[in-house]
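These are the residues of each chain, in order.
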Amino acid sequence: YALNEALSDLRAFAFAGGTIDVSEILEREPVEQAIHRILDAISHQSSNYGNALAEFEAQWMKLITPKTTVIIVGDARGNNNDPRIDIFERISSHARRVIWLNPEHPASWGTGDSDMPRYAPFCSLLRECNSLRHLDRAIGQMLAQQG
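Quick caveat, the model's predicted, so the values are computed rather than measured.

J.: Where do I start with the pairing of strand β4 (residues 97-102) in this structure?
T.: Regular strands place side chains that alternate from one sheet face to the opposite one. Across the six residues that make up β4, a large majority, six, are buried. Residues Arg97, Ile99 and Leu101 of β4 are buried on one face, and the alternating residues Val98, Trp100 and Asn102, pointing to the opposite face, are buried as well. Relative to β4, strand β3 (residues 69-73) runs parallel, the two sharing five bridges. For valine 70, the partnering residue across the bridge sits in β4 and is valine 98. Sheet topology places β4 next to strand β5 (residues 125-128); four bridges connect them, and they run parallel.

This is the structure:
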């Protein structure tokens, strides 16, 4: 919501096992209602970043231009599915920058089913983000770099 108010032409997507465009939901509904609606649409699926990236590439890759900032909020844990680093690299190469906000402490990145170290080389900015303070700092940094 904070980014939606600060930036023009913002598109938002939610994913678990697949990807859905949630831009209109976020624009039209109050935050609590929007969150419930989005979670209802994706909560029955297990995380599969590879599948979500493949769906994004097939349906929305044309939206990514050299002016685009891609922001991913997620733990990069894909339940041992193929993380499709190839697609993430293509997204990164088309975008101005890719920012990944991970709710886990960096010491957890790369443990278990975490693919964060594999995605990291294609990120312009990678930050731990698991509190409102972290989010406020990250948004402030993104907006400062925007200008």
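Here the narrative resumes, following the displayed structure.
J.: How do you make sense of the packing of aromatic side chains when you look at a structure like this?
T.: How two aromatic rings sit relative to each other is given by the distance of their centres and the angle of their planes. Counted by the stated rule, this structure contains nine aromatic pairs. Look at phenylalanine 88 and tryptophan 100: their rings are 5.5 Å apart centre to centre, the planes differ by 70°, and that puts the pair in the edge-to-face class. Taken together, the positions of phenylalanine 88 in helix α5 (residues 85-94) and tryptophan 100 in strand β4 put the pair 12 residues apart, joining distant regions of the chain. As far as burial versus exposure is concerned, phenylalanine 88 and tryptophan 100 are alike and both buried. Their ring planes at 75° and their centres at 5.0 Å tell us that phenylalanine 88 and tyrosine 119 sit as a pair that is edge-to-face. With phenylalanine 88 in helix α5 and tyrosine 119 in helix α6 (residues 116-119), this residue pair connects regions lying 31 residues apart in the sequence. You can call phenylalanine 88 buried: its relative accessible area is 1%. Look at tyrosine 119 and you get buried, because its relative accessible area is 0%. Taken together, the ring pairs connect Phe15, Tyr49, Phe88, Trp100 and Tyr119 into an aromatic cluster.

J.: Explain the sheet that holds β5 here, please?
T.: The strands making up a sheet associate through hydrogen bonds between their backbones, and the pairing can be parallel or antiparallel. Spatially, the three strands line up as an open sheet ordered β3-β4-β5, and their pairing is parallel. Edge positions in the sheet fall to β3 and β5, since each of these pairs with one other strand and no more. Going across the sheet, the axis of each strand differs from the next one's by a mean of 15°, ignoring polarity.

J.: What should I look at first to understand the pattern of salt bridges in this one?
T.: Pairing between side chains of opposite charge can happen when the charged atoms of each approach one another. By the definition in use, this model includes nine salt bridges. Between glutamate 57 and arginine 90 there is a salt bridge; the shortest N-O distance is 2.6 Å. With glutamate 57 in helix α4 (residues 49-60) and arginine 90 in helix α5, this pair connects stretches of sequence that are 33 residues apart. A salt bridge links aspartate 86 to arginine 90, with the shortest nitrogen-to-oxygen separation between them at 3.6 Å. Note that aspartate 86 and arginine 90 are positioned in helix α5 at a spacing of four residues, about one turn of the helix. Classification of aspartate 86 as partly exposed rests on a relative accessible area of 33%. On the basis of relative accessibility, which here comes to 31%, the residue arginine 90 falls in the partly exposed class. Several salt bridges converge on common partners, so that one network encompasses Glu57, Arg84, Asp86 and Arg90.

J.: Would you explain the nonpolar core in this entry?
T.: If you look at soluble globular proteins, the nonpolar side chains tend to sit buried side by side. Counting 20 residues, the largest nonpolar core has Val70, Phe88, Ile91, Trp100 and Tyr119 as the members making the most contacts within it. Residue assignment for this core shows that the elements contributing at least two residues are α4, β3, α5, β4 and α6. Residue contacts for tryptophan 100: discarding those within four places in its chain leaves Tyr49, Ile72, Gly74, Ala76, Phe88, Met116, Tyr119, Cys123, Leu125, Leu126 and Arg127. The next biggest cluster of nonpolar side chains, apart from the first, holds eight residues, and it includes Ala16, Ile25, Ile38 and Ile42.

Rules used in this analysis
All residue numbers refer to position in the chain's written sequence, counted from 1. Given that the model is predicted, a residue must reach a pLDDT of at least 70 before its local features are reported, and side-chain atom pairs must reach 80 or more before they are shown or counted; all residues, however, enter totals for whole chains, interfaces and linings. Heavy atoms throughout the structure, all of them, feed into the side-chain values; hydrogens and water do not. Think of it in three bands: with a 1.4 Å probe and only protein chains considered, a residue is buried below 20% of the maximum accessible area for its type, exposed above 50%, and partly exposed in between. Secondary structure elements are taken from DSSP: a helix is a run of H or I of four residues or more, a strand is a run of E of two residues or more, and numbering for both begins at the N terminus. At least two DSSP bridges between two strands are needed for those strands to be called paired. For Phe, Tyr and Trp, where Trp contributes only its six-membered ring, two rings pair if their centres lie within 6.5 Å, and the inter-plane angle classes them as stacked under 30 degrees, edge-to-face over 60, or tilted in between. Lines are fitted to the C-alpha atoms to define the axes, a helix being fitted only along its stretch in contact, and any angle between axes, read from their N-to-C directions, falls within 0 to 180 degrees. The working definition used for a salt bridge is a side-chain nitrogen of Lys or Arg within 4 Å of a carboxyl oxygen of Asp or Glu. Definition of nonpolar core: a set of buried residues of the types Ala, Val, Leu, Ile, Met, Phe, Trp, Tyr and Cys, connected through side-chain atoms within 4.5 Å. Contact between two residues is taken to exist if any of their heavy atoms lie within 4.5 Å; hydrogens are not considered.

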